[in-house]
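Residue-level listing of the chains:
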Amino acid sequence: MSTLWNAIKQQMTDFLEAGDAKDKTHKQLADIQSQLQRAQNQKQTVLIIYGKKHVTGTILKMNPDQNQLIINSLPHKVSTIIPLQEIRRVSPVPREIHNSHQH
């Protein structure tokens, strides 16, 4: 009887936590978008980790309607299009590193 109760309890917990995971994912995406918007407004160089890749550069355009980000990578000056939902982390890059790639 107790194993049946534990199985039911575990399934209920899994079901309830699934809704929390969706809210958490939505909140993370909103946080990432606000970080990207701030970096774009300040013309700040950022490190973006997405999928199993990363890129360092300045944001050219963020288009939430099309769910994508266009970034100009340093030092190669190559534009990269990144789907917003693939971005796992955004970190600002110190000005010294940005300036060293400008020369």
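Please read all numbers here as calculations on a predicted model, not as lab measurements.

**A closer look at a nonpolar patch on the surface**
A cluster of nonpolar side chains, Leu-4, Trp-5, Ile-8 and Met-12, forms an exposed patch at the surface whose accessible area comes to about 430 Å². Within the secondary structure, Leu-4 is located in helix α1 (residues 2-41).

**A closer look at the nonpolar core**
Ranked by internal contacts, the top residues of the largest apolar core, which has 15 residues, are Leu-36, Val-46, Ile-48, Leu-69, Ile-82 and Ile-87. At the level of secondary structure, the elements contributing two or more residues to this core comprise α1, β1 (45-50), β2 (53-63), β3 (68-73) and β5 (87-92). Aside from chain neighbours lying at most four places away, what touches Val-46 is Ala-39, Val-55, Thr-56, Gly-57, Ile-59, Ile-71, Val-90, Ser-91, Pro-92 and Val-93.

**Side note on the environment of Gln-66**
Structurally, Gln-66 is set in the loop between β2 and β3. Between the alpha carbons of Gln-66 and Pro-83 there is a distance of 8.6 Å; along the sequence they are 17 residues apart.

**Brief notes about the sheet that holds β2**
Strand order across the open sheet formed by 5 strands is β4-β3-β2-β1-β5, with antiparallel pairing between neighbours. The open sheet terminates on both sides in strands that have one partner only, identified here as β4 (78-83) and β5. In this sheet, adjacent strand axes meet at a mean angle of 45° when their direction is disregarded. Taken together, the 6 bridges between β2 and β3 define a ladder with antiparallel strand orientation. The residue of β3 that forms the bridge with Met-62 is Leu-69.

**Examining unusual backbone geometry**
Here the phi dihedral of Lys-43 falls at roughly 55°; this positive angle occurs in a residue that is not glycine. Along the chain, the position of Lys-43 falls in the loop between α1 and β1. Of note in this structure, Asn-67 is not a glycine but carries a positive phi near 60°. Note on Asn-67: relative accessible area 29%, which makes it partly exposed.

What counts and how
Residues numbered from 1 in each chain as written. Predicted model: local features only at pLDDT ≥ 70, side-chain atom pairs only at ≥ 80, totals over all residues. Heavy atoms only, no water. Patch = residues over 30% accessible without salt bridge, like charges linked within 9 Å, V, L, I, M, F, W, Y side chains within 5 Å. Areas by Shrake-Rupley, 256 points an atom, 1.4 Å probe, with all protein chains shown as cover. Salt bridge = Lys/Arg side-chain N within 4 Å of Asp/Glu carboxyl O. Helix = DSSP H or I, 4+ residues; strand = E, 2+ residues; numbered from the N terminus. Core = buried A, V, L, I, M, F, W, Y, C linked by side-chain atoms within 4.5 Å. Buried < 20%, exposed > 50% of the residue type's maximum accessible area, 1.4 Å probe, protein only. Contact = heavy atoms within 4.5 Å. Pairing = 2+ DSSP bridges. Axes fitted to C-alpha atoms, helices over the stretch in contact; angles between N-to-C directions.

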